[in-house]
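Below are the chains, spelled out letter by letter.
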Amino acid sequence: MKTVFRIRVLFLLLSIVYSFSVLAQAELDESGVVYLGHFEVDYSSEVSAVEIIKEYAKEAKEASGNSQFEVLQNVYRSDQFAIIEAWQDQQSREAFLGSPVANDFRTKLVPMLTAAYDERQQGVLDYESDAGTNTDPQEDALYLLTHVDIGRQGTAKAEGLLKSVAADARAQDGNTRFNVYIQTTRSNHFTVVEVWNSQQFYLTHSETESFKSFRHEVQPMMGSLYDERMYSLIQ
């Protein structure tokens, strides 16, 4: 009887823990919206593009309802940019997109683009706002955005692998962020956003057994190449 009672108590405790973890995730998901954008400009337009991007980012950060707005420039392809933005709700974002500031930005940017602006809404798979050994990135921090496209049969396993590698990375020296997002329209498409205080910290991480194990395990499940891109933050 004591054994049965202990088992029941154990299951009850596990259920409570699981309920709280799901609730915390749901609160994070419902508290705001996240979008990741990518675009390319003509090489001859890089300087002009950076200037209008800086002004746009400044206005976006000050807009009502904005909680994050980071503009990144590809380290090896300076004509490629990415935007990470988070808002308290969809209405706040739409209000800003309809503002004169946003309209002016689009009017100036469109003639410079070499391809259409690519924007995807993201849900949260694994996120910590104050993660890593240093919570504030240094000015020359390295940002990485990695697209992980998984075959639908392997989605559940991939989620576990991504959560595991995120937890390991956050415990390593020099990491200030390691978050995993899942595309709202395609549940088998993930984006990993990580920030390291230098490229050397990232290289050290990439040689760890946990990361190499992750790459080997996730590779057979992938529907396309492991698309990893390095960026610097436009200040």
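Residues numbered from 1 in each chain as written. Predicted model: local features only at pLDDT ≥ 70, side-chain atom pairs only at ≥ 80, totals over all residues. Heavy atoms only, no water.

A. Here's a closer look at the overall build of the chain. A count of helical and extended segments in the chain gives seven helices and eight strands. Counting all 235 residues of the chain, 43% fall into the buried class. At a minimum sequence separation of 6, the contacts of the chain that also span at least 24 residues come to 77%. (Helix = DSSP H or I, 4+ residues; strand = E, 2+ residues; numbered from the N terminus. Buried < 20%, exposed > 50% of the residue type's maximum accessible area, 1.4 Å probe, protein only. Contact = heavy atoms within 4.5 Å.)

B. Structural detail: the sheet that holds strand E1 (residues 33-40). Strand order around the closed barrel formed by eight strands is E1-E3-E2-E8-E5-E7-E6-E4, with antiparallel pairing between neighbours. Sheet twist, expressed as the mean angle between neighbouring strand axes with direction ignored, is 35 degrees. Here helix H2 (residues 46-62) sits on the sheet in contact with E1, strand E2 (66-74) and strand E3 (80-87), set at roughly 170 degrees to E2. Helix H3 (residues 90-97) rests against E1, E3 and strand E4 (118-126) of the sheet, and its axis sits at about 130 degrees to E3. (Pairing = 2+ DSSP bridges. Axes fitted to C-alpha atoms, helices over the stretch in contact; angles between N-to-C directions.)

C. Broad picture of the pattern of salt bridges. Tallied over the entire structure, the rule returns 12 salt bridges. Notably, a salt bridge pairs Lys58 with Glu62, separated by 3.6 Å at the nearest N-O pair. With Lys58 and Glu62 both in helix H2, this residue pair falls four residues apart, about one helical turn. Take Lys58: its relative accessible area is 43%, and that puts it in the partly exposed class. In this structure, the salt-bridge partner of Asp126 is Arg170, at a minimum N-O distance of 2.6 Å. Within this pair, whereas Asp126 is found in strand E4, its partner Arg170 is found in helix H5 (residues 155-170), the two being separated by 44 residues in sequence. Note on Arg170: relative accessible area 9%, which makes it buried. Because the salt bridges share partners, they merge into one network encompassing Glu40, Arg77 and Asp79. (Salt bridge = Lys/Arg side-chain N within 4 Å of Asp/Glu carboxyl O.)

D. Just the side chain of Asn66, in detail. Position of Asn66 among the secondary structure elements: in strand E2. One polar contact links the side chain of Asn66 to the main-chain carbonyl oxygen of Gln68, over a distance of 3.1 Å. Of the polar contacts made by the side chain of Asn66, one reaches the backbone oxygen of Ala86; its length is 3.3 Å. With sequence-adjacent residues up to four places away left out, Asn66 is seen in contact with Ala60, Lys61, Ala86 and Trp87. (Polar contact = N/O pair within 3.5 Å; in protein donor to acceptor, adjacent residues only side chain to side chain.)

E. Just H3, in detail. Within H3, burial applies to Ser92, Arg93 and Phe96. Across the axial projection of H3, the buried residues extend over an arc of 95 degrees, all falling on one side. Of the exposed residues in H3, the ones pointing more than 90 degrees away from its buried face are Gln91 and Ala95. Residues of H3 that are buried sit in contact with E1, H2, E3, helix H4 (100-109) and E4. At the N-terminal end of H3, a side-chain oxygen is found 3.3 Å from the backbone nitrogen of Gln91, two or three residues along, and the residue is Asp89. (Arc of directions from axis to C-beta.)

F. Geometry of the packing of aromatic side chains. One pass over the full model with this rule turns up nine aromatic pairs. On the basis of an interplanar angle of 5 degrees and a centroid distance of 3.8 Å, the ring pair of Tyr56 and Phe105 is categorised as stacked. Taken together, the residues span a long stretch of sequence, with Tyr56 in helix H2 and Phe105 in helix H4 at a distance of 49 residues. When sorted by exposure, Tyr56 lands in the same class as Phe105, which is buried. The structure contains a cluster of three or more aromatic residues connected by ring pairs, namely Tyr56, Phe69, Trp87, Phe96 and Phe105. The ring of Tyr35 carries the charged tip of Arg93 above its face, separated from the ring centre by 3.6 Å. A cation over a ring is seen here: Arg215 above Tyr226, with NZ or CZ 3.8 Å from the ring centre. (Phe/Tyr/Trp six-rings, centres within 6.5 Å; stacked < 30°, edge-to-face > 60°. Lys NZ or Arg CZ within 6 Å of the ring centre and 35° of its normal.)

G. Structural detail: the packing of H2 against H4. For the pair H2 and H4, interaxial distance at closest approach is 10 Å and the crossing angle is 160 degrees. Considering their axes alone, H2 and H4 lie roughly antiparallel with respect to each other. As for the relative orientation of H2 and H4, their crossing is left-handed in sense. Packed against H2, whose contacting residues are Ile52, Ile53, Tyr56 and Glu59, the element H4 presents Val101, Ala102, Phe105, Lys108 and Leu109 at the interface. (Parallel < 35°, antiparallel > 145°, perpendicular 65-115°, else oblique. Left-handed = near helix turned anticlockwise from the far one by under 90°.)

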